[in-house]
Amino acid sequence: MSKYFITGNAGTGKSSVIRVLQERGFTAYDIDERPDLHAYIDTLDNTVLDRVPEIRIHGAKAFTRYASVIKETGLKELINAGQTIFLGGSSTMQEQFYPLFDTIFGLVLAKEPLGVRLASRTNNPTGNNAADRAYLLGINDRVEANLLKAGAVIIDASQPLEKVVDEILSHC
């Protein structure tokens, strides 16, 4: 059974791709929606949190303080369940889990359209404020470079959503 990881910067469409895959009958999960797969670590005191608390800090300070992490135990249970799965999301140090997947898909988007998406998204608050958006746009090239370095299949996320999903499936 095959295991696929769909990742990329915030706002590139990971959650939307997972939703379309589910609608098409695939077993697909958004790590942000699975408490057994995802948490945040408050780096000031190493407290594990299910979600980032309402805070008054934004931008690099917020992303540095609250590290998004994949829960290894939950991930391995899901991977070893014996079914083909698509998992979507991004987190700190996710690269350590890449060997568990058959294919890594990297959704990429140029800075200008990414900024527009982040500013106007309604399904996720990440990037809705100027400081967060500036941080995410500032790391966009590095995220893509890391995906290329890891051997991810790069998918142009500026395409219509159905085409993005079709392109991913063409590599499966």
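Residues numbered from 1 in each chain as written. Predicted model: local features only at pLDDT ≥ 70, side-chain atom pairs only at ≥ 80, totals over all residues. Heavy atoms only, no water.

Caption draft 1: Region of the structure containing empty space enclosed by the protein. Enumeration according to the criterion identifies one cavity of 30 Å³ or more in this entry. In this structure, the largest cavity encloses a volume near 30 Å³. Looking at the largest cavity, the residues that line it are Gly8, Asn9, Thr12, Leu107, Val108, Leu109, Asn140, Val143 and Glu144. For the lining of the largest cavity, the elements supplying multiple residues, two or more each, are strand 7 (103-108) and helix 5 (130-149). Examining the composition of the lining of the largest cavity, we find that three residues originate from one element, helix 5, more than from any other. Along the lines of polarity and charge, the residues of the lining of the largest cavity split into four nonpolar, four polar and one charged. (1 Å grid on protein atoms, 1.4 Å probe; cavity = no way out; pocket = protein on both sides within 12 Å on 5 of 7 lines; lining within 4 Å. Points joined across faces, edges and corners; volume = space filled by probe spheres on them. Helix = DSSP H or I, 4+ residues; strand = E, 2+ residues; numbered from the N terminus. Nonpolar A, V, L, I, M, F, W, Y, C, P; charged D, E, K, R; others polar.)

Caption draft 2: Summary view of the side chain of serine 68. Note on placement: serine 68 falls in strand 5 (residues 66-70). In this structure the side chain of serine 68 is engaged in a polar contact, spanning 2.7 Å, whose partner is the side chain of histidine 38. Polar side-chain contacts of serine 68 include one of 3.5 Å to the backbone oxygen of serine 90. Contact partners of serine 68, with chain neighbours within four places excluded, come to His38, Ala39, Tyr40, Ser90, Ser91 and Thr92. (Polar contact = N/O pair within 3.5 Å; in protein donor to acceptor, adjacent residues only side chain to side chain. Contact = heavy atoms within 4.5 Å.)

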